[in-house]
Amino acid sequence: MTSPDLPGQRLRRAAHIIAGGGVVAYPTEAVFGLGCDPLNGDAVARILSMKRRDVAKGLILIAADPEQLEPFIQPLAADRMAEIHASWPGPNTWLLPVRPETPRWLTGRFETLAVRVTAHPLAAALCRAYGGALVSTSANQAGRRPARTALQVRLALDESPDMILAGPCVGSDQPSSIRDGRTGRLLRA
């Protein structure tokens, strides 16, 4: 008799896969995301290949809290950072200047990185279980509709992720808003 796959066990397994260079699909506020260790260039390249996405476009990182993003971004003035932190957790993505050591496979052709503290309980728990921020890009091929269920993830990609962490998307089916962290200007509603 096998024991049921409890949520904590699934999270630990997903975090172990990510730490080992794998790719995991998981629900976010709006759609299923594909995630990996942002410092593992091979894992990021695999996600880009799965999505047929150009590395020059850059990627988004999600985190359970702002501290998980600190290794990647340069802080802005205190008033700007206060506005950004006040919008989190939630479906608010900010473009922030990067530290010099932030890999180009994350930023693409930009000098900023798209980051957000997720409000999705399972996505945040995955970041905590892994111990840091994760790449988070929609689970679909470029130009196609993003997946909102585990089944749609399986159908949307030619290559499957190493694990699909099943769960509901809890918000709107619209992607997160994107704002320029330096100015607060809305770039995508």
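Our structure is the block above this text.
All figures in this text were calculated on a predicted structure; none of them were measured in a lab.

S.K.: Run through the overall build of the protein, naming residues and quoting values.
M.R.: When you go through the protein residue by residue, the secondary structure sums to six helices and ten strands. Overall size of the protein, expressed as C-alpha extent along the three principal axes, is 55 × 30 × 30 Å. Out of the 189 residues belonging to the protein, those deemed buried represent 50%. Pairs at least 24 apart in sequence give 69% of the contacts found in the protein among residues at least 6 apart.

S.K.: Account for the pairing of strand β9 (residues 177-180), naming residues and giving values.
M.R.: Here strand β4 (residues 92-97) pairs with β9 via four bridges, running parallel. Considered in β9, the bridge of Asn92 is made with Ser177. Inspection of the sheet shows β9 paired to strand β10 (residues 186-188) by two bridges, in the antiparallel sense. Residue pairing across strands places Arg179 opposite Leu186, the latter belonging to β10. As consecutive antiparallel partners, β9 and β10 are separated by five residues, and within that stretch Gly184 has a phi angle of approximately 85°, a positive value.

S.K.: Now, about the pairing of strand β1 (residues 24-27): what can you tell me, with residues and values included?
M.R.: Neither face of β1 is left uncovered, since the one carrying Val24 and Tyr26 and the one carrying Ala25 and Pro27 both have all their residues buried. Bridge analysis of β1 against strand β2 (residues 32-35) gives four bridges, and the strand direction is antiparallel. Within β2, the position partnered with Val24 by the bridge is Gly35. Relative to strand β8 (residues 163-164), β1 runs parallel, the two being bridged by two bridges. Considered in β8, the bridge of Ala25 is made with Ile164.

S.K.: Explain the nonpolar core residue by residue, including any values.
M.R.: Judged by nonpolar contacts, the single largest core of 35 residues is most densely connected at Phe32, Leu34, Leu61, Leu69, Leu106, Val115 and Val135. Leave out the neighbours within four places in its chain, and Leu69 touches Leu61, Ala63, Trp88, Val115, Arg116, Val117 and Ala133. Listed in part, the 19 residues of the second largest apolar core include Ala14, Ile62, Ala124 and Leu126.

S.K.: Requested: an account of the pattern of salt bridges, with residues and values cited.
M.R.: Within this structure, the stated rule accounts for seven salt bridges. Residue Glu159 is joined to Arg46 by a salt bridge in which the shortest nitrogen-to-oxygen separation is 2.5 Å. Taken together, the residues span a long stretch of sequence, with Glu159 in the loop between α6 (150-156) and β8 and Arg46 in helix α2 (residues 41-51) at a distance of 113 residues. A salt bridge links Arg46 to Asp162, with the nearest nitrogen and oxygen atoms 2.6 Å apart. Placement of Arg46 in helix α2 and of Asp162 in the loop between α6 and β8 is noted, with a sequence separation of 116 residues between them. The exposure class of Asp162 is partly exposed, given its relative accessible area of 41%. Connected via shared salt-bridge partners are Arg46, Glu159 and Asp162.

S.K.: Before we move on, can you summarise α2 with the specific residues and values?
M.R.: Among the residues of α2, Ala43, Val44, Ile47, Leu48, Met50 and Lys51 are the ones counted as buried. Buried residues in α2, looked at end-on, bunch into an arc of 160°, giving them a common side. Buried residues along α2 sit against β2, α4 (104-107), β6 (134-135) and β7 (137-138). Just beyond α2, the residue with positive phi is Arg52, at close to 60°.

So, how was this worked out
Each chain carries its own residue numbering, running from 1 in the direction its sequence is written. Two thresholds apply to this predicted model, a pLDDT of at least 70 for residue-level local features and 80 or more for giving and counting side-chain atom pairs, whereas whole-chain, interface and lining totals are computed over all residues. Hydrogens are left out, water is left out, and the side-chain values use all remaining heavy atoms of the structure. Per the convention used, a helix needs a DSSP run of H or I reaching at least four residues, while a strand needs a run of E reaching at least two, with both numbered from the N terminus. Per-residue accessibility, obtained with a 1.4 Å probe over protein chains only, is compared with the maximum for each type, and a residue is labelled buried under 20%, exposed over 50%, and partly exposed between these values. Contacts are assigned to residue pairs with any non-hydrogen atoms lying within 4.5 Å of each other. Two strands qualify as a pair provided DSSP detects at least 2 bridges between them. Residue types Ala, Val, Leu, Ile, Met, Phe, Trp, Tyr and Cys, when buried and joined through side-chain atoms within 4.5 Å, form a set referred to as a nonpolar core. The term salt bridge refers to a side-chain nitrogen of Lys or Arg lying within 4 Å of a carboxyl oxygen of Asp or Glu. In this context, the arc is that of the directions from the helix axis out to the C-beta atoms.

The values reported here are purely geometric and, on their own, carry no functional implication.
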